[in-house]
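# Examining the three-dimensional arrangement
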Protein chains: 2
Amino acid sequence: MPEINYSYPQLYDFTKAIFLKIGCSEVHADTASKTLLSADLRGVDSHGIARLSGYVRLWEAKRVNAKPDIRIIHESPSTAVVEGDSGLGLVVAPFAMKIAIEKAGKAGTGWVCVQNSNHFGIAAYHAMMALEHDMIGIAMTNASPLVAPTFSIDKMLGTNPICVAAPAGKEPAFVADLATTTAANGKLEILQRKNLATPGGWVQDKEGHPSHDPHILKQGGALLPLGGDREHGSHKGYALGAIVDIFSGVLSGANYAPWVPPFPAYVPMPSRQPGKGIGHFLGAMRIDAFRPAAEFKESMDDWIQGFRKAKPVPGEEKVLVPGDPEREFEKERMENGIDLLQTIVDDLKQVSHKLGVPFLQ
Amino acid sequence: MPEINYSYPQLYDFTKAIFLKIGCSEVHADTASKTLLSADLRGVDSHGIARLSGYVRLWEAKRVNAKPDIRIIHESPSTAVVEGDSGLGLVVAPFAMKIAIEKAGKAGTGWVCVQNSNHFGIAAYHAMMALEHDMIGIAMTNASPLVAPTFSIDKMLGTNPICVAAPAGKEPAFVADLATTTAANGKLEILQRKNLATPGGWVQDKEGHPSHDPHILKQGGALLPLGGDREHGSHKGYALGAIVDIFSGVLSGANYAPWVPPFPAYVPMPSRQPGKGIGHFLGAMRIDAFRPAAEFKESMDDWIQGFRKAKPVPGEEKVLVPGDPEREFEKERMENGIDLLQTIVDDLKQVSHKLGVPFLQ
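Everything numeric here is computed off the predicted structure, so don't read it as measured data.

Reading the values: rules and limits
- Residues numbered from 1 in each chain as written.
- Chains lettered and ligands numbered in written order.
- Predicted model: local features only at pLDDT ≥ 70, side-chain atom pairs only at ≥ 80, totals over all residues.
- Helix = DSSP H or I, 4+ residues; strand = E, 2+ residues; numbered from the N terminus.
- Rg over C-alpha atoms; globule rule 2.2 N^0.38 Å.
- Buried ≥ 20, exposed ≤ 12 C-beta atoms within 10 Å, placed from the backbone.
- Contact = placed C-beta atoms within 7 Å.
- Pairing = 2+ DSSP bridges.
- Axes fitted to C-alpha atoms, helices over the stretch in contact; angles between N-to-C directions.
- Least-squares fit on C-alpha atoms with pLDDT ≥ 70 in both.
- Nonpolar A, V, L, I, M, F, W, Y, C, P; charged D, E, K, R; others polar.
- Parallel < 35°, antiparallel > 145°, perpendicular 65-115°, else oblique.
- Left-handed = near helix turned anticlockwise from the far one by under 90°.
- Right-handed = clockwise from strand over helix to strand, strands pointing away.
- Domains from an automatic or database assignment.
- Expected span 1.5 Å × (residues − 1).
- Core = buried A, V, L, I, M, F, W, Y, C linked by C-beta atoms within 7 Å.
- pLDDT = per-residue confidence, 0-100.
- Arc of directions from axis to C-beta.

### Looking at the overall build of chain A
- Each helix and strand in chain A was counted, giving ten helices and twelve strands.
- Relative to its length of 361 residues, chain A is compact, with a C-alpha radius of gyration of 20 Å against a globular reference of 21 Å.
- Taking the principal axes of its C-alpha atoms as reference, chain A extends roughly 50 × 50 × 45 Å.
- For chain A, buried positions account for 58% of its 361 residues.
- Within chain A, counting contacts between residues at least 6 apart in sequence, those at least 24 apart form 63% of the total.

### Quick look at the sheet that holds strand E6 (residues 162-166) of chain A
Residue and element names in this part refer to chain A.
- Pairing is mixed across the open sheet formed by seven strands, whose spatial order is E2-E3-E4-E11-E5-E6-E7. Edge positions in the sheet fall to strand E2 (71-76) and strand E7 (174-178), since each has one partner strand and no second. Here the strands of the sheet are splayed against their neighbours by 10° on average, with no regard to which way each runs.
- In terms of strand pairing, strand E4 (residues 109-117) meets strand E11 (residues 278-286) through seven bridges, oriented antiparallel. By the bridge assignment for E11, Ser117 is matched with Ile278.

### Here we look at the relation of the copies chain A and chain B
- Expressed as a screw operation, the relation of chain A to chain B combines 0.0 Å of axial shift with a rotation of 180°, fitting to an RMSD of 0.0 Å. The symmetry that links the two subunits is that of a two-fold axis. Looking at the rotation axis and the C-alpha trace of chain A, the residue lying nearest is Gly227 of chain A, at 2.4 Å.

### Some points on the interface of chain A and chain B
- Tallying the contact residues gives 67 residues for chain A and 67 residues for chain B.
- Mapped onto the side of chain A that touches chain B, the elements with two or more residues apiece are E2, strand E3 (79-83), E4, E6, E7, helix H7 (234-250) and helix H8 (293-308) of chain A.
- Ranked by residues supplied to the side of chain A that touches chain B, first place goes to H8 of chain A with seven residues.
- Grouping the constituent residues of the side of chain A that touches chain B by class yields 41 nonpolar, 18 polar and eight charged.

### Notes on the packing of helix H1 (residues 8-21) of chain A against helix H2 (residues 26-41) of chain A
Residue and element names in this part refer to chain A.
- Viewed as axis vectors pointing N to C, H1 and H2 meet at an angle of 135°, and their least axial separation amounts to 9 Å. As summarised for this structure, H1 and H2 are arranged oblique, according to the angle between their axes. For H1 against H2, the interelement crossing comes out right-handed. Counted together, Tyr8, Leu11, Tyr12, Thr15, Lys16, Phe19 and Leu20 of H1 and His28, Ala29, Asp30, Ala32, Ser33, Leu36, Leu37, Asp40 and Leu41 of H2 form the full contact between these two elements.
- Residues belonging to the contact of H1 with H2 are distributed by class as follows: ten nonpolar, three polar and three charged.

### Topic: the environment of Asn160 of chain A
Residues and elements named next belong to chain A.
- Structurally, Asn160 can be placed in the loop between strand E5 (135-141) and E6.
- For the pair formed by Asn160 and Thr181, sequence separation is 21 residues and the distance between their alpha carbons is 8.0 Å.
- The contact partners of Asn160, leaving out residues within four places of it in the chain, are Met140, Asn142, Ala143, Thr180, Gly241, Val244 and Asp245.

### Quick notes on the sheet that holds strand E9 (residues 210-211) of chain A
- An order of E9-E8-E10 (chain A) is seen for the three strands of this open sheet, with the pairing classed as antiparallel. Each having just a single partner strand, E9 and strand E10 (222-223) of chain A make up the two edges of the open sheet.

### A short note on the pairing of E7 of chain A
Residues and elements named next belong to chain A.
- Counted residue by residue, E7 has five buried out of five residues, so it is predominantly covered.
- Taking every second residue as pointing to the same face, both faces of E7 are buried, with Phe174, Ala176 and Leu178 on one and Val175 and Asp177 on the other.
- Sheet topology places E6 next to E7; five bridges connect them, and they run antiparallel. In the strand pairing of E7, Cys163 is matched with Asp177.

### What about the pairing of strand E4 (residues 109-117) of chain B?
- E4 of chain B sits mainly inside the fold: nine of its nine residues count as buried.
- In the classification by handedness, the crossover that spans strand E3 (residues 79-83) of chain B, the intervening helix H4 (residues 89-107) of chain B and the parallel E4 of chain B is right-handed.

### Regarding the domain arrangement of chain A
Residues and elements named next belong to chain A.
- Here the domain parsing of chain A yields domain 1 (68-181 + 226-292 + 326-335) and domain 2 (183-223).
- Averaged C-alpha coordinates put domain 1 and domain 2 at centres separated by 24 Å.
- Taken together, the contact pairs eleven residues of domain 1 with eleven residues of domain 2.
- Taken together, the residues of the side of domain 1 that touches domain 2 sort by class into five nonpolar, four polar and two charged.

### Brief notes about helix H9 (residues 324-336) of chain B
- With 13 residues, H9 of chain B should reach 18 Å at 1.5 Å per residue; the first-to-last C-alpha distance of 18 Å fits that figure.
- Note on H9 of chain B: the residue one or two positions beyond its end, Gly337 of chain B, has a positive phi of about 90°.

### Comments concerning the nonpolar core
- By size, the foremost hydrophobic cluster in this structure holds 246 residues, and its most contacted members are Ala96, Ala165 and Phe174 of chain A together with Ala96, Ala165 and Phe174 of chain B.
- Residues within four places of Ala165 of chain A in sequence aside, it is in contact with Ala124, Ala127, Met128, Ala130, Leu131, Ile136, Gly137, Ala173, Phe174 and Val175 of chain A.

### Looking at the confidence of the model for chain A
- Mean pLDDT over chain A stands at 96; residues scoring 70 or higher make up 99%.
- Scoring of the predicted complex yields 0.98 for pTM and 0.98 for ipTM.

### Focus on helix H10 (residues 342-355) of chain B
Residue and element names in this part refer to chain B.
- Compared with the 20 Å implied by 1.5 Å per residue over 14 residues, the 20 Å span of H10 between its first and last C-alpha is a close match.
- Of the positions making up H10, those classed as buried are Ile344, Leu348 and Val351. Along H10, the residues classed as buried sweep out an arc of 55° about the axis, all on the same side. Of the exposed residues in H10, the ones pointing more than 90 degrees away from its buried face are Gln342, Thr343, Asp346 and His353.
- Those residues of H10 that are buried are in contact with helix H1 (8-21), helix H3 (52-60) and strand E12 (338-341).
- Gly356, located one to two residues past H10, shows a positive phi value of around 70°.

In structure tokens, the structure reads:
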């Protein structure tokens, strides 16, 4: 499939114009665009501008409020709960992360739950906000139910990602950002486009049997938790996804489990809503609330260099440190632009036409 | 292999007598025995009394200090670092968890890193201490390097478990306790005894090739991170194990990565020690620092019941909630006693003889 190259500033300007057009403030449109496009920069194509039309459709369906009154509804010295007022998660989550960072500045750590939000893009964007403050950042979110827990036919959890970002000294930061499933939905989409079979342990069919069909989710199938099946530890992936759901949804007063609102606006809302919107969980730990930041960063350099020096298995060049591939993508794409598939470009042109916002110049 | 049944009080009395004999205080011997035996009660046989002789050997090798001066060396309103003074992790970790709970009482959350400790038994024991305070408990520890990260031949991480315990109302608590490997070492030991092959994705040989040999660790092989290989998400299991190592080891000033001291006393200490002993990370989040505890627990009941009602795949009776199997073990074993393998009993008899402590009556 043909691809068209755009620079980051081109995509930023268009994305921001779209968010402004649907009614976001200047500040919110800027934040939402940066959050969304950080996915494209970091090579997580499924979570970036490819979703812009989806956010617009959620706004059209009145599931996203472009002028939210985002506010703290409860707090303690090291915690807060944020009401997202149905705002874009792309804006609500950075708001909450800032509070976590402020709390950590005073109390040593800050932990902020969010209720009544929407999808927040990639977790890494939020967690990495902590790095420049010499803090460890943590970000989680629940999401639409696509995942069948171990032994289940029913889809009870989202791909519920966890991100942890820890600063280093001379080395780049450690950034682990992972869906708690064997493979994220974006990986399935790649196989769908190429019409290739999925490896074992990625998906099951609607009756709970193992499947290799990348289209199986459209036929009632489900993604599988990290591990794939019980023998390979899927109960652990399930437990991790559950932890993310409890921290993001139950602790915040958002929806949880199969009742998390879907991302596609054409999918009806779940039959019941035990909470409000989608939930996030954001944390910041000030390094020097534990030990001097310079010491920690020196040890992180040592840690990272240890892994880089580990002997690779035959056929592999080196052992990677979490965050390496995304950082290389970011450098390369900031320099050389971002290739978008023709289908994504067509989709963006439709949004452009629908909202009367000039397309990428 | 024959098994011999002992009651919990029998095992407790013997274990405590051993810890007293090596010089632990009355209080420490009590705590260490309860922590250690919680593993046997919860069905994690590899981490319970089967390790008692190992702890004694660490004490003989002067790697465990039976009279530690466990103390806070740094703190902020929501954090502390505890120096374990080479004490038993079985005692040091509960000390640290109590501080986390106290901090959470005042600041909303409490996060305590531990340096210079030893193996702490099962993570669940520590995390579950938070439950009676209407708090969510979190426990992690690093451990001796047995795990090869994705693409690595070298063993760089321990099985580095994560436990999260969250209180519910009418339902029993949610307790997820998982090694960040496909299978814990204890699972390998079971296959060794039965002389059965390991499933794929559990271990690799010393050259980094996939292996099905449960004895492969003794021949230079390694455990694999949750996921098994790159295609099945092992980079995620690796990232999770790395997060545990950074929180437990780097943040605390303990050793980390391949330099974590080994559990078997006959294994020499690593060539370098960038920190002190083994590290743990313990956390407590007070529920009502986020929302009223009664509301949260009601939602947790709803969450748990939702999963219990999920439709099971063919051949399975029901979908489990994390903590279900361990709780059933605990109830059953508290009532009917704990079966120990003859080899474990023989090992305990040797300890009994060596220290002059009468064996189980």
